[in-house]
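Reading the structure
Chain residues, written in single-letter form:
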Amino acid sequence: MTKRYVGKNTLKIDAESKVTGQAQYPSDLKFDNCLHIKIKRATYPHAILKDLDISGAKKIDGVVDIITAKDFPDLNTFGLIIKDQEVLIKIGEKMKFMGDALAIVIAETEEIALKARNKIRVEIEKLEVITDPLRAIEKDAPAIHEDFSGLCTDYLEPNLNQKNILADHYLKKGDVKKGFREADLIVENEYRTQHIDQLPLQNESGYALYDDKKDEIKIWAASQWLHDTQADVAQSINMSKEKIRIIQTAIGGAFGKKEDVSVHIHLALAALHTKRPVKLVYTREESMIAQSKRHPLIIKAKTGVSSNGYLTAWSVEVIGDTGAYASSGPAVVHKGMYHCTGPYNVENIEGTSYAVYTNNTYGGAMRGFGTTQMAFAYESQMDILAHELNIDPAQFRYQNAYITGSVTPNGQKLGKSVNTKRTIESVIDLAKWEGEINK
Amino acid sequence: MKINLTVNGEKREVEVKPQTRLLDLLREDLDLTGTKEGCGKGECGACTVIMNNELVASCLVLAIQADQSEIITIEGLNCQDELHPIQKAFINKGAVQCGFCIPGMIMSSKQLLDENINPTEAEIKRGLSGNICRCTGYVKIIDAVKEAAHKMKSRGEDDD
């Protein structure tokens, strides 16, 4: 077989359009007679929307219309895995984080849209704001999604407030009790990671256009899950998928952040409502408030090791702050748990993980999908253990590292391309590490 | 109010508002959308252009401040339909991924190499320190600037 591409340097097909500035990202497109959108968002992270007064804003010259939930009473909720997110918050319902949309302001210019948005009066009844997942799982904490029925398994501790637990997972390999009995040293620690924004350089932005002859909505936006987004937009506004066309522009970075719906549904509604081209570009602040983050995880790790430096048992509890909505949360905490031991051999493992609703900006996908947070915990454990055992930390990692035939926590036998040891050797070399490893 | 400026060698007269930014003037009024907006706060460098032989974040320059100025944007770089050596090097070295930072990155590289055709790696890093890239990790971008410097230098010597 001839090697056409593998092992050869192939120039990126769109690089020339990007170095000349000709590549078109969503906000680079131009439409005649285009209207501009700004979104009025929640004024408090957890509150009941009592009243929304758009009358003053509507009077401003150049405001074309302001859409609220009242204009589209039959909208369905949307979401990547679980459809728990409202397109627009209705009067009498709750805003659950600062990114929730209350109104879509449509105007002849962006400046007018912004002015009108600031004129919208919002009346709310404040509720307890839950920013700590450990508070959310206390029995007396208010349910963030009141009608959420819970998806918890029997493995989860019954004393937790399951109304705020989105999903849980359980992991078992070998006999963890036996593993800890065999250990000469056991180290137990709790690690916490923080929200991180993926920060793609291009903010969420796009255009939409309604074609009344075909009864079709076209949306130009950068999306990571093009067809899932198409299906989600369609179901949320009760149109068939064939009537929603999403045209992928150049994508100015995403790193997981553009897996979720952002501008799409609001654009679709505005196009449908006005029958004119509409444009919506998030500011950086808006992108940070309204779109996903890397999940902050609380990781409780307990590791057993023999006196000669071999791992015997590992148990882990992972609590993920999924924020106000599910997004990728159920999958991120699942994958994170499976990576609890990193690239190290452990015979006996037990783990639980769960994603918890809070009033923070929701957690979603980001480079590594739960594994990078875990790396902070397991590599810290490895360093602490090596120090306690008085073994060189490189040697300690090396002698526990995966090799061909190693079995991961979820039972996968690694068949090929297992380069952990080679990686450690390279790191020792590049870092000019002074310790020596015994191969 | 009306302002006059030269953009990519062409004299332009543009009607602007007091709050119009140079970035808006380029993108909206002159349709030069190669210059990007990433943050609107002068932090990311996606909107970098050259104004009177100096790098500026065009989101922090008011259009009226650009009256009588000379501006070069990414669209002004390829002369007679041939790519600039910096543009070629960015393609050849695989320095372009999502591409959103690239116009600003290339303008900063041009300014750097116009001032110093022999930059050290540290000088390249300093020259590009106002431009954020979230995809590449910068390694290949730095490689590209090195290659461009090499090509521009040998081209300069050929001319002599």
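Residues numbered from 1 in each chain as written. Chains lettered and ligands numbered in written order. Predicted model: local features only at pLDDT ≥ 70, side-chain atom pairs only at ≥ 80, totals over all residues.

1. Digging into the overall build of chain B
- Counting its regular elements, chain B contains five helices and five strands.
- For chain B, the N- to C-terminal ordering of α and β elements is β-β-α-β-β-β-α-α-α-α.
- Per-residue burial over chain B gives 45% buried out of 160 residues. (Helix = DSSP H or I, 4+ residues; strand = E, 2+ residues; numbered from the N terminus. Buried ≥ 20, exposed ≤ 12 C-beta atoms within 10 Å, placed from the backbone.)

2. As for the domain arrangement of chain A
Residue and element names in this part refer to chain A.
- Partitioning chain A into domains gives domain 1 (24–127 + 204–281) and domain 2 (162–196 + 293–430).
- A separation of 39 Å is found between the C-alpha centroids of domain 1 and domain 2.
- Contact with domain 1, which involves 16 residues of that partner, is made by 16 residues of domain 2.
- A breakdown of the residues in the side of domain 1 that touches domain 2 according to their chemical character gives six nonpolar, five polar and five charged. (Domains from an automatic or database assignment. Contact = placed C-beta atoms within 7 Å. Nonpolar A, V, L, I, M, F, W, Y, C, P; charged D, E, K, R; others polar.)

3. Points about the interface of chain B and chain A
- Each partner contributes residues to the interface: chain B has 25 residues there, and chain A has 23 residues.
- Going through the elements one at a time, helix H2 (85–92) and helix H3 (102–115) of chain B are the ones with two or more residues in the side of chain B that touches chain A.

4. Observations concerning the sheet that holds strand S8 (residues 185–192) of chain A
All names here are of chain A.
- The mixed open sheet is built from five strands, whose spatial order is S7-S15-S14-S13-S8. Looking along the sheet, the strands with just one partner apiece sit at the ends: strand S7 (165–173) and S8. Averaged over all neighbouring strand pairs, the angle between strand axes comes to 5°, with direction disregarded.
- Relative to strand S15 (residues 348–357), strand S14 (residues 311–323) runs parallel, the two sharing 10 bridges. When the sheet's bridge partners are listed, Glu317 is paired in S15 with Thr352.
- Strands S7, strand S13 (297–305), S14 and S15 of the sheet are contacted by helix H9 (residues 329–338), whose axis makes an angle of about 160° with S15.
- Packed onto the sheet, helix H10 (residues 371–389) meets S8 and S13 and runs at close to 145° relative to S8. (Pairing = 2+ DSSP bridges. Axes fitted to C-alpha atoms, helices over the stretch in contact; angles between N-to-C directions.)

5. Examining the domain arrangement of chain B
All names here are of chain B.
- One can read the domain layout of chain B as domain 1 (2–76) and domain 2 (85–159).
- Distance between the C-alpha centres of domain 1 and domain 2: 21 Å.
- Across the boundary between the two partners, domain 1 contributes 13 residues, which contact 12 residues of domain 2.
- At three residues, strand S3 (residues 48–51) tops the list of elements feeding residues into the side of domain 1 that touches domain 2.
- A class-by-class count of the residues in the side of domain 1 that touches domain 2 yields seven nonpolar, five polar and one charged.

6. Digging into the packing of helix H6 (residues 226–236) of chain A against helix H7 (residues 264–274) of chain A
All names here are of chain A.
- Between H6 and H7, the least distance of the axes is 10 Å, while the angle of their chain directions is 50°. Put simply, H6 runs oblique to H7. As H6 runs across H7, the sense of the crossing is right-handed. Here H6 contributes Thr229, Val233 and Ser236 to the contact with H7, which in turn contributes His264, Ile265 and Ala268.
- Class assignment for the residues of the contact of H6 with H7 results in three nonpolar, three polar and no charged. (Parallel < 35°, antiparallel > 145°, perpendicular 65-115°, else oblique. Left-handed = near helix turned anticlockwise from the far one by under 90°.)

7. Let's talk about unusual backbone geometry
All names here are of chain A.
- We note that Lys275 has phi near 60°; this positive angle belongs to a residue other than glycine.
- Residue placement: Lys275 occurs in the loop between H7 and strand S12 (278–281).
- Accessibility expressed as a C-beta count within 10 Å gives 11 for Lys275, which makes it exposed.

8. Describing the sheet that holds strand S2 (residues 47–53) of chain A
Residue and element names in this part refer to chain A.
- Pairing in this open sheet of three strands is antiparallel, and the strands run S4-S2-S6 from one edge to the other. The sheet is open, and its two edges are formed by strand S4 (94–95) and strand S6 (121–126), each paired on a single side.
- As defined by bridge partners, S2 adjoins S4 across two bridges and the pair is classed as antiparallel. Counterpart to Ile48 in the pairing with S4 is Lys94.

9. A closer look at the environment of Glu13(B)
All names here are of chain B.
- Relative to the assigned elements, Glu13 resides in strand S2 (residues 10–15).
- When the 8 C-beta atoms within 10 Å are taken as the criterion, Glu13 is described as exposed.
- With 11 residues separating them in the primary sequence, Glu13 and Lys2 have C-alpha atoms 6.7 Å apart.
- Residues contacting Glu13, with those up to four places away along its chain left out, are Lys2 and Asn4.

10. Looking at the pairing of S3(B)
All names here are of chain B.
- Bridge analysis of S3 against strand S4 (residues 54–57) gives four bridges, and the strand direction is antiparallel. Looking at S4, one finds that Met51 is bridged to Glu54.
- Once S3 ends, the chain turns through two residues before running back antiparallel as S4, passing Asn52 with a positive phi of about 50°.
- Where S3 lies against strand S5 (residues 70–72), two bridges are found, and the strand directions are antiparallel. Residue pairing across strands places Met51 opposite Ile71, the latter belonging to S5.

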